[in-house]
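# An overview of the molecular structure
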Amino acid sequence: MFIKKGYIQLAVNGGIGFGAKLNPRQLVVLGEYLEEDSEIELTTLQQLIVQIPEEEVESVKRKFEEVGLACYKVGNYVKSLRTCNFCKGEEAEGMPVAKELNRRIAGQEVPFTLKPAYTGCPIGCGEPLINDIGVMKDQDTYELYIGGYSKGRDIKSGKLVKSNLVPDELYDLVDKILVIYRENGKKREKFYRFVDRFGIEQIKEELNIV
Ligand code: SF4
């Protein structure tokens, strides 16, 4: 998307819920604060990319957030968590854990844009194994995968870091993995390439996983 001079991009969505949805009020507010000739980009990451005049960003973000729109940075940051539709229910599929994970990691600075995904059961509608960081709930615990990639001929499945995690262990491991990537990743090195170069075994060693 061409970025107009004096504007910055914001990634916007309806937050984590039952499916990637927007309600009419949110659409009206989006329309109110975007200029007539502006474009909205719909990404594969359940986000809309909009452009806002730099000096209005904070006030527009407040207006968006008042109607439940979540705003995220665009660039070399952790993206908002892509999720499944939680078809079996909020608690059963761990929506509070997905929300907390998203709150902790979305917007963290990293060497290259990082896509995390969450899925509420092993059917895997949120595609956790082909995203940079993938979380899969299985019964009462969580599995954590890293290094998946979904594009072109480089497509690959994420590698299991650890299974049988409780939420606090999951948050802690994801935090530490982001620190390892920040400290050891090269500038603009994609996460899946970093996992290949640095090595899953080395990452596990740094995480004290045997
Ligand atoms: S991953 Fe499981 S809980 Fe989530 S939408 Fe698919 S079937 Fe439903």
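Looking at an unreviewed UniProt entry, the chain carries the name Nitrite reductase, with the source organism given as Oceanobacillus bengalensis.

In terms of regular secondary structure, the chain is built from six helices and nine strands. Against the 2.2 N^0.38 benchmark of 17 Å for 210 residues, the chain shows a C-alpha radius of gyration of 18 Å, consistent with a compact globule. Taken along the three principal axes of its C-alpha coordinates, the chain extends 55 × 40 × 30 Å. Looking at the chain residue by residue over its 210 residues, the buried ones come to 49%. Here the contacts in the chain between residues at least 6 apart in sequence split such that 62% fall between residues at least 24 apart. When the accessible surface of the chain is summed, it comes to about 11,200 Å², and 49% of that surface belongs to carbon and sulfur atoms. Averaged over its 30 positive side-chain charges, the chain has a centre that lies 4 Å from the centre of its 33 negative ones.

Here we take up the UniProt feature "domain: Nitrite/sulphite reductase 4Fe-4S" (unreviewed entry) in the chain. Mapped onto the present numbering, the UniProt feature "domain: Nitrite/sulphite reductase 4Fe-4S" (unreviewed entry) falls at residues 83-207. Taken end to end, residues 83-207 is 35% helix and 19% strand, and its first and last C-alpha atoms sit 25 Å apart.

Before going further, it helps to examine a negative patch on the surface. Together, Glu183, Glu201, Glu205 and Glu206 give the surface a local cluster of negative charge. Take the negative patch: its biggest share by element is three residues, from helix 6 (residues 200-206). For glutamate 183, the position within the fold is in helix 4 (residues 167-184).

Another point: the site of the ligand. Neighbouring the ligand are Cys84, Asn85, Phe86, Cys87, Glu93, Thr119, Gly120, Cys121, Ile123, Gly124 and Cys125. Partitioned by chemical class, the residues of the shell around the ligand number six nonpolar, four polar and one charged.

Let's shift gears to the side chain of lysine 79. Relative to the helices and strands, lysine 79 is located in the loop between strand 4 (70-73) and strand 5 (82-83). No salt bridge is formed by the buried lysine 79, whose closest oppositely charged neighbour, glutamate 41, lies at an N-O distance of 8.3 Å. A polar contact is formed between the side chain of lysine 79 and the side chain of glutamine 47, at a distance of 3.4 Å. When near neighbours in sequence (up to four residues on either side) are disregarded, lysine 79 contacts Leu45, Gln47, Ala106, Thr113, Leu114, Lys115 and Pro116.

So, on to the domain arrangement of the chain. Looking at the chain, the domain boundaries give domain 1 (7-73) and domain 2 (82-206). Computed over C-alpha atoms, the centres of domain 1 and domain 2 are 25 Å apart. Between domain 1 and domain 2, the residue contacts involve ten residues of the former and 14 residues of the latter. Together domain 1 and domain 2 conceal approximately 990 Å² of surface at their shared face, both sides included; 64% is due to carbon and sulfur atoms. For domain 1, the biggest contributors to the area lost against domain 2 are Ile16, Phe18 and Leu45; these three give 55% of the whole. Of the residues contributing to the side of domain 1 that touches domain 2, the split by class is five nonpolar, four polar and one charged.

Moving on to the sheet that holds strand 6 (residues 116-119). Taken together, the five strands give an open sheet; going across it, the order is 5-6-7-8-9, and neighbouring strands pair in mixed fashion. The sheet is open, and its two borders are formed by strand 5 and strand 9 (159-165), each paired with just one other strand. Note that strand 8 (residues 141-146) and strand 9 share four bridges and pair antiparallel. Each bridged residue has a counterpart across the sheet, and for isoleucine 146 the counterpart in strand 9 is lysine 159.

Its boundaries defined by the atoms lining it, the largest pocket holds a volume of some 510 Å³. Here the lining of the largest pocket is composed, by residue class, of ten nonpolar, ten polar and seven charged. For the lining of the largest pocket, the domains that each give at least three residues are domain 1 (7-73) and domain 2 (82-206).

Rules of the game
Here the residue numbers are simple positions, counted from 1 along each chain's written sequence. Reporting of local features is limited, given that this is a predicted model, to residues whose pLDDT is at least 70; pairs of side-chain atoms are given and counted only at 80 or more, and all residues count toward the totals for whole chains, interfaces and linings. Side-chain calculation: all heavy atoms of the structure are included, whereas hydrogens and water are not. Helix and strand definitions follow DSSP, with helices as H or I runs of at least four residues and strands as E runs of at least two, each counted in order from the N terminus. Restricting the calculation to C-alpha atoms gives the radius of gyration, and the globule rule supplies 2.2 Å times the number of residues raised to the power 0.38. Here the term buried applies to any residue with accessible area under 20% of the maximum for its type, exposed to any over 50%, and partly exposed to those in between, with areas from a 1.4 Å probe on protein chains only. Only heavy atoms matter for contacts: two residues are in contact if any of them lie within 4.5 Å across the pair. Shrake-Rupley sampling with a 1.4 Å probe provides the accessible areas, and residues are treated as covered by the protein chains on show and by no other component. In summary, the charge assignment counts Lys and Arg as positive and Asp and Glu as negative, without counting His or the chain termini. The atom standing in for a charge is NZ when the residue is Lys, CZ when it is Arg, CG when it is Asp and CD when it is Glu. UniProt positions are given in the numbering used here, feature names are shortened, and annotations may be inferred rather than shown by experiment. Only residues whose relative accessible area exceeds 30% and that form no salt bridge enter a patch; like-charged residues are grouped when within 9 Å of one another, and nonpolar side chains (Val, Leu, Ile, Met, Phe, Trp, Tyr) when within 5 Å. When a carboxyl oxygen of Asp or Glu is within 4 Å of a side-chain nitrogen of Lys or Arg, the pair counts as a salt bridge. To be near a molecule or strand, a residue needs just one of its heavy atoms within 4 Å of it. Only Asp, Glu, Lys and Arg are considered charged, only Ala, Val, Leu, Ile, Met, Phe, Trp, Tyr, Cys and Pro nonpolar, and every remaining residue, Gly among them, polar. Distance and chemistry together define a polar contact, namely a pair of N or O atoms within 3.5 Å, with one atom able to donate a hydrogen and the other to accept it when in protein, and with adjacent residues in sequence counting only for side-chain atoms on both sides. Domain extents, as shown, originate in an automatic or database domain assignment. Using a 1.4 Å probe, buried area is obtained as the accessible area two parts lose upon being combined, added over both of them. Strands were regarded as paired on the criterion that DSSP finds at least two bridges between them. A pocket here means an open set of points on a 1 Å grid, computed over the protein atoms alone, that has protein on both sides within 12 Å along at least five of seven lines. A cavity is instead a set of points where a 1.4 Å probe fits but cannot get out; residues with an atom within 4 Å of a point line either one. Grid points are joined across faces, edges and corners, and a volume is the space filled by probe spheres set on the points.

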